[in-house]
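Below are the chains, spelled out letter by letter.
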Amino acid sequence: MSESELEYESRAVERLTLFSDAVVAIAITLLAIDLPVPEGNTVAEFWSQVRHYDGHYAAFLISFVVIAATWSNHHEIFRYLKRADPWLRIVNTAWLLTIVLNPFATKLLTDSGPDTLDTRPLRFGFYALLQVLESVSLFAMLRHMDSRGQAPDAPRPLVSDMAWRSWSLMVAFGLSIPVFFVTSDAWVLWIAGPLLLGRLHWLPHRNHPSRQDDPPPPAGR
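Residues numbered from 1 in each chain as written. Predicted model: local features only at pLDDT ≥ 70, side-chain atom pairs only at ≥ 80, totals over all residues. Heavy atoms only, no water.

### Things to note about the pattern of salt bridges
Pairing between side chains of opposite charge can happen when their charged atoms approach one another. Applied cut-off: Salt-bridge detection follows one rule: a side-chain nitrogen of Lys or Arg within 4 Å of a carboxyl oxygen of Asp or Glu. Only DSSP runs of H or I covering at least 4 residues are called helices, and only runs of E covering at least 2 are called strands; the numbering of each starts at the N terminus. Think of it in three bands: with a 1.4 Å probe and only protein chains considered, a residue is buried below 20% of the maximum accessible area for its type, exposed above 50%, and partly exposed in between.
The final tally for this structure, using the stated rule, is four salt bridges. Among the salt bridges present, the one from Asp-34 reaches Lys-107, with a minimum N-O distance of 4.0 Å. Here Asp-34, found in the loop between helix H1 (3-30) and helix H2 (43-52), pairs with Lys-107, found in helix H5 (residues 102-109); they are 73 residues apart in sequence, far enough to count as distant. The salt bridge involving Arg-156 is made with Asp-146; its shortest N-O contact spans 2.6 Å. With Arg-156 in helix H7 (residues 156-179) and Asp-146 in helix H6 (residues 120-147), the pair connects residues that are 10 residues apart, well separated along the chain. You can call Asp-146 partly exposed: its relative accessible area is 32%.

Below, the structure is given as structure tokens:
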């Protein structure tokens, strides 16, 4: 590939990355726009309002962490990207679609309507499904970039860890969808699932340290 072609590829990757970062920044900012502002003439009334809206604040924090985490993964692999093709741009656009829908999905979580077994799976299930699709898109980009050699300098441990993180989020959010038909506490899986699966991923590394960490044999043997 000529020097001019390499420059064109570099500029295309930079534009794709900057565009993605801008969309994520807008989406993560929109999360805070609809946050209710507590009111009250006394401290007691103020904190009563805070407790009344605690679900809104919890949903905001969860979505903020989710978007920040998926952007971090996106950033980690895209910093090694050397070139982009039409398929990668399509999947990246699909990933951005899931990102921009997060504020809407978060608002569904805090809907003041009746929390029944009919509406709960729809509201919470849609949010969970959105995160599954978000992780699927990121995993698809990772596999495509890896198989096409578009990020040749990406460390293999990083690629492996990112794939595991994507799978853990798919499992955690995916399993929560049917559980919401039974209990509204299924959102606990969104937090506990990735933590547990992450621990399982690192357990073999902890139990089997590298040989270079083994103590040297006694002298004379």
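The rest of the description comes next.
### A closer look at the packing of H6 against H7
Going by this rule: What counts as an axis is a line fitted to C-alpha atoms, over the stretch in contact for a helix, and the angles between N-to-C directions run from 0 to 180 degrees. Any angle from 65 to 115 degrees is called roughly perpendicular, while one under 35 is roughly parallel, one over 145 is roughly antiparallel, and all others are oblique. Should the near helix be turned anticlockwise from the far one by less than a right angle, the crossing is termed left-handed; should it be turned clockwise, right-handed. We call two residues in contact when some of their heavy atoms are within 4.5 Å. The nonpolar class holds Ala, Val, Leu, Ile, Met, Phe, Trp, Tyr, Cys and Pro. Asp, Glu, Lys and Arg form the charged class, and all remaining residues, Gly among them, are polar.
Contact geometry for H6 and H7: axes closest at 8 Å, N-to-C directions at 160 degrees. On the basis of their axis angle, the class for H6 and H7 is roughly antiparallel. Once H6 is placed against H7, the crossing between them reads as left-handed. Where H6 approaches H7, its residues Gly-125, Tyr-127, Ala-128, Leu-129, Gln-131, Val-132, Ser-135, Val-136, Leu-138, Phe-139, Leu-142 and Asp-146 are matched on the opposing element by Arg-156, Val-159, Met-162, Ala-163, Ser-166, Trp-167, Leu-169, Met-170, Phe-173, Gly-174, Ser-176 and Ile-177. Partitioning the contact of H6 with H7 into residue classes produces 16 nonpolar, six polar and two charged.

### Section: the packing of aromatic side chains
The condition is simple: Between 30 and 60 degrees the pair is tilted, below 30 it is stacked and above 60 it is edge-to-face, where a pair is any two Phe, Tyr or Trp rings, Trp via its six-membered ring, whose centres lie within 6.5 Å.
Under the definition given, this model contains nine aromatic pairs. Between Phe-46 and Trp-47, the aromatic rings sit 5.8 Å apart at their centres with planes inclined by 85 degrees, giving edge-to-face as the arrangement. When the centroid spacing of 4.9 Å and the interplanar angle of 40 degrees are considered together, the rings of Phe-124 and Phe-180 count as tilted. In this pair, Phe-124 is assigned in helix H6 and Phe-180 in the loop between H7 and helix H8 (188-207), connecting sequence segments 56 residues apart. Its relative accessible area of 13% is what places Phe-124 among the buried residues. A relative accessible area of 0% places Phe-180 in the buried class. Among the aromatic residues, those joined into a cluster by ring pairs are Phe-124, Tyr-127, Phe-173, Phe-180 and Trp-190.

### Observations concerning the nonpolar core
The condition that has to hold: In this description, a nonpolar core means a group of buried Ala, Val, Leu, Ile, Met, Phe, Trp, Tyr and Cys residues linked to one another through side-chain atoms lying within 4.5 Å.
Grouped together as the largest cluster of nonpolar side chains are 31 residues, with contacts concentrated most on Ile-77, Phe-78, Leu-81, Trp-95, Met-141 and Met-145. Elements with a minimum of two residues in this core: H1, helix H3 (54-78), helix H4 (86-100), H6 and H7. With six residues, the top contributor of residues to this core is H1. Sequence-distant contacts of Met-141, defined by excluding residues within four places in its chain, comprise His-74, Phe-78, Leu-88, Val-91, Asn-92 and Trp-95. Within the second largest apolar cluster, 14 residues are counted, among which are Tyr-127, Leu-130, Ala-186 and Trp-190.

### Brief notes about the side chain of Glu-134
Counted only if it meets this: Within this scheme the basic residues Lys and Arg register as positive and the acidic residues Asp and Glu register as negative, but His and the chain ends are omitted.
The residue Glu-134 is located in helix H6 in this model. Although Glu-134 is buried, it forms no salt bridge, and the closest oppositely charged side chain is Arg-165 at an N-O distance of 12 Å.

### Considerations on H4
So the rule is basically this: Expected span, for any helix, means 1.5 Å times one less than how many residues it has. What the arc covers is the set of directions going from the helix axis to the C-beta atoms.
For H4, built from 15 residues, the straight-helix expectation of 21 Å at 1.5 Å per residue is met to within 8% by its first-to-last C-alpha distance of 21 Å. For H4, the set of buried residues is Leu-88, Val-91, Asn-92, Trp-95, Leu-96, Thr-98 and Ile-99. Angularly, the buried residues of H4 cover 155 degrees about the axis, an arc narrow enough to put them on a single face. Exposed residues on H4 whose side chains face more than 90 degrees from its buried face are Pro-86 and Ile-90.

### Considerations on the environment of Gly-125
Mapped onto the secondary structure, Gly-125 falls in helix H6. Between the C-alpha atom of Gly-125 and that of Phe-180, which follows or precedes it by 55 residues, the distance is 7.1 Å. Those residues in contact with Gly-125 that lie beyond four places of it in its chain are Arg-120, Ile-177 and Phe-180.

### Here we look at the environment of Val-179
Examined against the element boundaries, Val-179 turns out to sit in helix H7. Val-179 sits 10 residues away from Leu-189 along the chain, and the two C-alpha atoms are 9.4 Å apart. Residues within four places of Val-179 in sequence aside, it is in contact with Ala-186 and Leu-189.

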